[in-house]
Each structure stands twice: as C-alpha cells, then as structure tokens.
Amino acid sequence: MSLRQYEYALAVAEAGSVTAAAELLHVAQPSVSQQIRGLERELGVELFARTPTGLVPTVVGRAFLREAEVAVSASRRARATTRAGADDLVGELVVAVQMGFGTRQLPGALGALRRRFPRLEVTVFEEPGSGELDRLCRRGVLDLALMAACERSPGHAHRLGDEEFVVVLGAGHRKLAADRVDLRELAGEPWVRFDRDSALDATLLSVLGDNGLTPVTAARVSQTATAVRWAAQGLGVTLVPASAVPDGHEHLVRPVLPVVSRPVIAVLRHGAGPAETALLEYLRQETWAPGGTAGQAQSWVAPPSTASSAPVV
C-alpha cells in the first residue's frame, strides 16, 4: 500500500466517483481506477459499493478511510516540516473551531500567520460542539482546535481567555434601553435557538434553566450569524458569543446578568510543528475577554466530567 493509494481512496470517497476524483486530483481516470482496484486486492476487501448514484464507502471502507486520513495528514505534516525554512514554511494546516468561538480573533491571527508563511495552506472548519473536536484531536486529524472544553493534557491545551455571551434583541425591543439585560426579565420571550446537538443550544438551555426560564422556541438555526439576523428582525431573542455578532448589529446587543462566559481553549496536536506554534502565539496576542488576557494564555485542561457547555461563570 502507498500514500498515493490512500489519497486516491479519500478523493473517491469525497467526490463519489472515479471520474470526479480524477478531476479533483488532476490525473487520468484509469490511474485512479487502477489504484483503487489494486488497493482492494491487496486488502482483500471491497472499499466502495457501486450504486446507481455513485461509489459509496462500505462499512470496512469507512474504517479504512478514517485511518487513511490520519496517515495522509501525518505525511503532509512531515513533508512540510522537512521543507520548512525559517521563513518558507509550506504544507497544510488544519484548524477547527467550536461554532461561534474566536470569530473576531481567528482571522487576525491567521492573517498574521499568512503574512509570515505565504506558502502555507490553511483549512478551517467549524464544529457544533467540543466533543467532536476533542475526538478529532485525539485522532490526529487536527493541527489546532479552539473549543470550550477538552480532556487533553495541560501541555497541549492552552486557555486564551473567555467568550462572553450576549443577548441579541430585535429593533425597538423594550430592553434596548438597558445597559445590561437581566435574563429573568426575558421570561415569556420567544428564542431563536440552535441545532439540538450543538454546544450553543446546550449553553442557552443551561443558562436559562439556571435563571428559572424555559425557552419558547421561535426557530432553530445552524449558524450564529443567522441567529443574530433573525433576532434583529424580531423573530425572537437569542444568546451568542459576543465575537460572533456580525458587523452592523452591535446596537442590538446587550451583555446579560448574571454574566455568561465560556473558556476558549486552544488545543495543539501532539508534537506540534512551527505552523501550529506560530498560530498559537498569534492567537495569544489577540484581545480576549477577561479570564485570560492577550499575550498571557495559560495552560488549562477540563476535568473528564466536563460536557460541551462549561459551568456559567
């Protein structure tokens, strides 16, 4: 087996067909077909089921692809490390963020990283909660993750600060006259909520429950920006990290009483390279809410019982 075969198998799984995978890889279709057949012969299993809609990984194929993804990621990092000069780092950096966290801080840090290493390719994606991010970190798929809680060792987890949560109100809402909004005064208000399995919705439920409130659900959304815009239109109020509020909606945002915040933890992969280390340093220089100040990130690890939403502080 070879890394090329791993890469071809991952491309087929992503594209759903040999033809599309060949286009993605910029190689001839027969080459992809030959590599996949050779891989299946060597393993003695069928990695993909041929269906009317395309190629779908089998059960054993999905298990193989998970390990192939780890191997390919490790190979890319190894190539990047060996080719890295003081100012000429190349390769791919994979960053994942718990939804709504670091929305304002991460772009600045990535911009600084890009200026320092212009040939470095960065892939960023969001996950709804800490649990999946922690799992991906343990698998070695991620180079750096931003999350509210983790079970990693203190040497790999660094507290950058906190994300303060704010309430977003519709234009003309009666509580816009207040500097801070007592959550108990929102009893009976409809709420724009998030997907049921997301940490944001878990936080909202926990916070409202602690204040004796049961939310009336006006709508559920998947993205923080959507929640803010829908709340701004008067569909209902919502609770989001302050940094996730899109430009132009700041006048509809108010801090809440009691204060709601969650820690922001940067988790590096084991054996982090120069790109991950540099990004962590740039993140430390960004402005975060109290709990950790710019340039003074501290190591932190959540206890095993920590769920996707940490205690209200």
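Quick caveat, the model's predicted, so the values are computed rather than measured.

J.: Any chance you could explain the confidence of the model for the chain here in plain terms?
T.: Where the model shows low pLDDT, its predicted coordinates should not be examined in detail. Counting all residues, the mean pLDDT for the chain is 83, and 87% of those residues have values of 70 or more. Of all secondary-structure elements in the chain, the lowest mean pLDDT belongs to strand β13 (residues 298–299), at 37, while strand β8 (residues 190–194) reaches the highest, 97. Below a pLDDT of 50 lies the segment residues 292–313, which in the model reaches 62 contacts outside its immediate sequence neighbourhood of four places, other chains included.

J.: Is there a simple way to explain unusual backbone geometry in this structure?
T.: Among all residues save glycine, negative phi is the norm, and among peptide bonds the norm is trans. Here the bond from L257 into P258 is cis, since omega is -10 degrees, no more than 30 degrees from zero. Note that P258 resides in the loop between β11 (253–257) and β12 (261–268).

J.: For this particular structure, what's the right way to read the pattern of salt bridges?
T.: Side-chain pairs of opposite charge can arise whenever the charged atoms involved come near each other. Scanning the model with the defined rule gives 13 salt bridges in all. The closest approach of N and O atoms between D247 and R104, which form a salt bridge, is 3.3 Å. In this pair, D247 is assigned in the loop between β10 (238–241) and β11 and R104 in the loop between β3 (91–98) and α5 (105–116), connecting sequence segments 143 residues apart. Taking relative accessible area as the criterion, D247 reaches 63% and is therefore assigned exposed. Relative accessible area serves as the criterion here: at 40%, R104 is assigned to the partly exposed category. Here E189 makes a salt bridge to R174, at a shortest N to O gap of 3.3 Å. You can see E189 sitting in the loop between β7 (181–182) and β8 and its partner R174 sitting in the loop between β6 (157–168) and β7, a full 15 residues away along the chain.

J.: Explain the packing of aromatic side chains to me, please; I cannot follow it from the model alone.
T.: Geometrically, a pair of aromatic rings is defined through the distance of the ring centres and the angle of the planes. One pass over the full model with this rule turns up 1 aromatic pair. Ring geometry for Y6 versus F64: centroids 5.5 Å apart, planes at 80 degrees, classification edge-to-face. Residue Y6 is located in helix α1 (residues 3–15), and its partner F64 is located in helix α4 (residues 59–83); the two are separated by 58 residues in the primary sequence. Residue classification places Y6 among the buried residues on the basis of a relative accessible area of 16%. On the basis of relative accessibility, which here comes to 14%, the residue F64 falls in the buried class.

J.: Looking at this structure, how should I read the environment of G161?
T.: Checked against the element boundaries, G161 lands in strand β6. By relative accessible area, which is 0% here, G161 ends up buried.

J.: When you look at the pairing of β6 in this model, what are you seeing that I'm missing?
T.: Strand residues, when the strand is regular, have side chains that alternate between the two faces of the sheet. The element β6 is extensively covered by neighbouring structure, given that 11 of its 12 residues are classed as buried. Strand direction decides the pairing type here: β6 and β12, joined by 7 bridges, are antiparallel. In the strand pairing of β12, G161 is matched with V264. The pairing of β6 with β10 spans 4 bridges and is antiparallel. Residue pairing in the sheet places V166 in a bridge with V240 of β10. For β6 and β11, the ladder comprises 3 bridges, and the chain directions are antiparallel. Looking at β11, one finds that V167 is bridged to R254.

The rules behind each value
- Residues numbered from 1 in each chain as written.
- Predicted model: local features only at pLDDT ≥ 70, side-chain atom pairs only at ≥ 80, totals over all residues.
- Heavy atoms only, no water.
- pLDDT = per-residue confidence, 0-100.
- Helix = DSSP H or I, 4+ residues; strand = E, 2+ residues; numbered from the N terminus.
- Contact = heavy atoms within 4.5 Å.
- Salt bridge = Lys/Arg side-chain N within 4 Å of Asp/Glu carboxyl O.
- Buried < 20%, exposed > 50% of the residue type's maximum accessible area, 1.4 Å probe, protein only.
- Phe/Tyr/Trp six-rings, centres within 6.5 Å; stacked < 30°, edge-to-face > 60°.
- Pairing = 2+ DSSP bridges.

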